Amino acid sequence: MTKLVQHVTAADLVYREILLRITTQVLTAGERLPEASLAAEMGVSRTPVREALRRLAQEGVVVLVPGGGACLAAPSLKEMADTMEVRVHLERLVIRKLSGTITPLQICRLEETIQEQRAADLDISSLIRQDCLFHHLLAESTHNEALTDSLDALLARSMAFRILFAGREDYDNHLILEEHSRILDALKRRDAELAEKYLEFHLDLALAELSRSGESTGTPPKKVSHAAQRRGADENPAHAPFVEKDPVSPKKRRSSRSTPAGKRFGNRDKEAHFHG
């Protein structure tokens, strides 16, 4: 199969470099992003820097300051928790709608997404985007545009939060894929209750990781209860093997790999893609 070659612009390179600096903690939440300084450091004019900052602002990672200038977003733990709370309710609705209607073709598409992510060598920001893509495809499979659009807005916010703090709490690709696979396997068995438990466990851990990230930035941490893990063992003993088989603490989801902070954008040829 012939692959299309995508033209990479200076704005694309600046965009990747800023993402790299965020995920390697060279840049931190709330930090100013002066166009002139970034342009000088990266050896480009201010125009591609401005384009990259606008793109990041659309994704919720950067805040554009009225009158010029920009800074990294600095979401509070309450904003993160509120977003995840609404996500849980919407995604539980997605699961309930799909449990009796998901088709073999939709299952195949979701399985292919998992396999592609497993085979790919992704950086942290791309991994986060792929995680969001899986959840977008679940919602899209309901054929409910209002539900999909509502969830997509929350996924974009969640993605921005996680990119901002990914350098502090990296994500283990294998474990994320295992969680996705278990959600999909439960849907294949038409077991909505079990699929919901897997989903809640998955989102509980994501919120716990974001909460610890807030602690590292001096924001008072919100106490997170691993409700999904308790529900799996206490409320329905029949589902206890889920917890016993994979009692993954948020700490174990940290990636063992890290990207060197000093790596220059000019030496990379991979591009992060935004989905959903």
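Treat the numbers as computed from the prediction; the structure is a model and nothing was measured. (Residues numbered from 1 in each chain as written. Predicted model: local features only at pLDDT ≥ 70, side-chain atom pairs only at ≥ 80, totals over all residues. Heavy atoms only, no water.)

Colleague: Residues and numbers for the nonpolar core, please.
Modeller: Counting 62 residues, the largest nonpolar core has Ile18, Ile22, Leu33, Leu72, Leu138 and Leu187 as the members making the most contacts within it. The element that contributes the greatest number of residues to this core is helix α7 (residues 145-165), accounting for ten residues. (Core = buried A, V, L, I, M, F, W, Y, C linked by side-chain atoms within 4.5 Å. Buried < 20%, exposed > 50% of the residue type's maximum accessible area, 1.4 Å probe, protein only. Helix = DSSP H or I, 4+ residues; strand = E, 2+ residues; numbered from the N terminus.)

Colleague: Break down unusual backbone geometry for me, citing the residues and quoting the values.
Modeller: The phi dihedral of His143 falls on the positive side, at around 60°, and the residue is not glycine. You can see His143 is positioned in the loop between α6 (124-140) and α7. Looking at His143, the relative accessible area reads 68%, which means it is exposed.

Colleague: Any details on the environment of Ala186? Residues and values, ideally.
Modeller: Its place among the elements puts Ala186 in helix α8 (residues 173-188). Considering only alpha carbons, one finds Ala186 and Glu196, ten residues apart in sequence, at a separation of 8.8 Å. Excluding anything up to four places from it in sequence, Ala186 contacts Asp191, Leu194, Ala195 and Tyr198. (Contact = heavy atoms within 4.5 Å.)

Colleague: Describe the packing of helix α1 (residues 10-23) against helix α3 (residues 46-58), with residues and values.
Modeller: Contact geometry of α1 with α3 gives a least axis separation of 8 Å together with a crossing angle of 55°. Considering their axes alone, α1 and α3 lie oblique with respect to each other. Taken as a pair, α1 and α3 cross one another with a handedness that is right-handed. Residues Ala10, Ala11, Asp12, Val14, Tyr15, Ile18 and Leu19 of α1 touch α3, and the partners they reach there are Pro48, Val49, Glu51, Ala52, Leu53, Arg55 and Leu56. The residue inventory of the contact of α1 with α3, partitioned by class, reads eleven nonpolar, no polar and three charged. (Axes fitted to C-alpha atoms, helices over the stretch in contact; angles between N-to-C directions. Parallel < 35°, antiparallel > 145°, perpendicular 65-115°, else oblique. Left-handed = near helix turned anticlockwise from the far one by under 90°. Nonpolar A, V, L, I, M, F, W, Y, C, P; charged D, E, K, R; others polar.)

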